[in-house]
Amino acid sequence: MTNPARAVEEFRLPDLGEGLTEADWVHWAVAVGDRVELNQVIGEVETAKATVELPSPYGGTVEELLVEPGQTVPVGAPLLRIATEDGPAEPAGDSDGPSRPSVLVGYGPGDAPQSRRATRRASADAGRARDGGTPPARPDAKPGARKLAALLEVDLDTVTGTGRGGVITRDDVRRTAGHGDEPTAGHGEEPTAERPHSPAPEPSPERTTRIPVGGVRKRTAEAVSRSAFTAPHASVFLTCDATATVDLVSTLRASPAFEGVRPTALSIVTRALLHAIADEPSLNAHWDDDTGEIVLHHDVHLGIATATSDGLRVPVVREAQRLSLPRLARSIAEVADRARTGRSTPSELTGSTVSVTNVGVFGVDGGTPILNPGESAILAVGAISDRPWVVDGALAIRKVVTLSLSFDHRLVDGEQAGRALATIGAFLGDPVPMLLADT
């Protein structure tokens, strides 16, 4: 009887698309000696855009894992070696037919890879084949918590998650590792009449914690540094009366057209920004360093700066200028929710042409945001609060907001930025006629 041919295949980090050249390895879902099936998830990588599960292009036995959790891996670098029993095999999806675009193994051409949470159920189903039974559930943990657990050598199976839905957080890992609060020295000691004199203790070294930087935080640092040192930033500010906008939002929430979506002041602000871009198209443009040209974008792909547990993400509302106000409000809510819950795909987090950031949700009045690389403007919206305001010569309490517009001075002048911000302020002061004019 002839033994089947045995070959060792090396799986390299594929091109995940969107111009990404590297990724951080987060977690292995397999170990040396495990049997893996074709397209079974073998682990997770975190890119600047999303956390992605990688399926295996081969079936066989894992012989060697070549990267460690937390390691930054360039595209094309080997990840693991798998011994197959059918001789050398082509990765899943290859054929002798017409050439196809290079895609992530296990996904069709043009389809962005799904994020970790969106494919967790498929991962569990694929893993049941191993050892002829159901494998234990993998602990549900944030990517940052997994990296910290690897650094502190904490087994996530021993950690109790306190995040939403029992998700394990960094604090849970630190607590399990014994890095939580320590009792104060001397607590519980009985007082004594006299204490013997003792020499003053030597000063202790400075207490610090070094945190490995990778994934979203690393890419954010690179992006803002590149933007800050390549685009000459300037900012203009405007404090305006937004009472009419607040009243309109209350009215819209009772409208059947907004059933299933909760309109907010940000919905009106973004519509005001789109109105301003129509008058000042340089806000929706970028500077081409290679040619020294200004590139005007005909479509507005609106970036919504969103704070997540893994850092800042900027999901995109495509062709926002074509959307009605109800569809715009719904799209903003959907992309922000997908980003916060880790369900955004890489393609949903790239390609914005202008951005808006709502710092008012943190209770602050305003700021000077840094441009997203490749954009010429970003609008920051402060908190809307009750303030004294002069109306028709008399003092009144109004809903007031501070706006700030940061812009790339290479292609936007102060005059253009000032006019655009004034347009936005006028829109918020009397939004109904402006909305009617846009329909």
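Residues numbered from 1 in each chain as written. Predicted model: local features only at pLDDT ≥ 70, side-chain atom pairs only at ≥ 80, totals over all residues. Heavy atoms only, no water.

Peer 1: Mind showing me how you'd approach the overall build of the protein here?
Peer 2: Within the protein, the secondary structure is distributed over nine helices and 19 strands. Within the protein, the proportion of its 439 residues that are buried is 41%. Restricting the contact set of the protein to residue pairs at least 6 apart, pairs at least 24 apart contribute 63%. Of the roughly 23600 Å² of accessible surface on the protein, 51% is carried by carbon and sulfur atoms. (Helix = DSSP H or I, 4+ residues; strand = E, 2+ residues; numbered from the N terminus. Buried < 20%, exposed > 50% of the residue type's maximum accessible area, 1.4 Å probe, protein only. Contact = heavy atoms within 4.5 Å. Areas by Shrake-Rupley, 256 points an atom, 1.4 Å probe, with all protein chains shown as cover.)

Peer 1: What am I meant to see in the pattern of salt bridges here?
Peer 2: Pairs can form between side chains of opposite charge once their charged atoms are near each other. The final tally for this structure, using the stated rule, is 16 salt bridges. Between arginine 343 and aspartate 337 there is a salt bridge, and its shortest N-O distance comes to 2.6 Å. On the basis of relative accessibility, which here comes to 29%, the residue arginine 343 falls in the partly exposed class. Each of Glu10, Arg12, Glu64 and Arg81 takes part in one network of salt bridges that share partners. (Salt bridge = Lys/Arg side-chain N within 4 Å of Asp/Glu carboxyl O.)

Peer 1: Is there a simple way to explain the sheet that holds strand S8 (residues 78-84) in this structure?
Peer 2: A sheet is described by the order of its strands in space; here four strands give the open sequence S1-S8-S6-S3, paired in antiparallel fashion. Strand pairing shows two members of the sheet lacking a second neighbour, strand S1 (7-12) and strand S3 (35-36), which therefore form its edges. Examined bridge by bridge, strand S6 (residues 60-65) and S8 share four bridges and lie antiparallel to one another. Residue pairing in the sheet places valine 62 in a bridge with isoleucine 82 of S8. (Pairing = 2+ DSSP bridges.)

Peer 1: Is there a simple way to explain helix H6 (residues 265-279) in this structure?
Peer 2: Side chains three or four residues apart in an α-helix point the same way, a direct result of the helix having 3.6 residues per turn. Here H6 spans 22 Å end to end across 15 residues, near enough to the 21 Å set by a 1.5 Å rise per residue. Among the 15 residues in H6, 12 count as buried, and that is most of the element. Considered for burial, the residues of H6 that qualify are Leu266, Ser267, Ile268, Val269, Thr270, Arg271, Ala272, Leu273, Leu274, His275, Ala276 and Ile277. (Expected span 1.5 Å × (residues − 1).)

Peer 1: What's the story with the sheet that holds strand S4 (residues 41-46) in this structure? I'm lost.
Peer 2: Across the sheet, four strands lie side by side as S5-S4-S2-S7; this open sheet has antiparallel pairing. Of all strands in the sheet, those with a lone pairing partner are strand S5 (51-55) and strand S7 (72-74), marking the two edges. Going from strand to strand, the sheet's axes swing by 45 degrees on average, the running direction of each strand aside. On the sheet, helix H4 (residues 215-230) packs against strand S2 (22-28), S4 and S7 and is oriented at approximately 165 degrees with respect to S2. (Axes fitted to C-alpha atoms, helices over the stretch in contact; angles between N-to-C directions.)

Peer 1: So what exactly am I meant to see when it comes to the nonpolar core here?
Peer 2: A general tendency of soluble globular proteins is for nonpolar side chains to be buried together. Residues Val317, Leu379, Leu403, Leu405, Ile424 and Leu428 are the most contacted members of the largest nonpolar core, which totals 48 residues. No other element matches the eight residues that H6 contributes to this core. Apart from the residues lying within four places of it in its own chain, the contact partners of leucine 405 are Ala234, Ser235, Val236, Leu283, Ala377, Ile378, Leu379, Ala417, Ala420 and Leu421. Counting residues in each nonpolar core, the second largest holds 22 residues, with Val52, Val62, Ala77 and Ile82 among its members. (Core = buried A, V, L, I, M, F, W, Y, C linked by side-chain atoms within 4.5 Å.)

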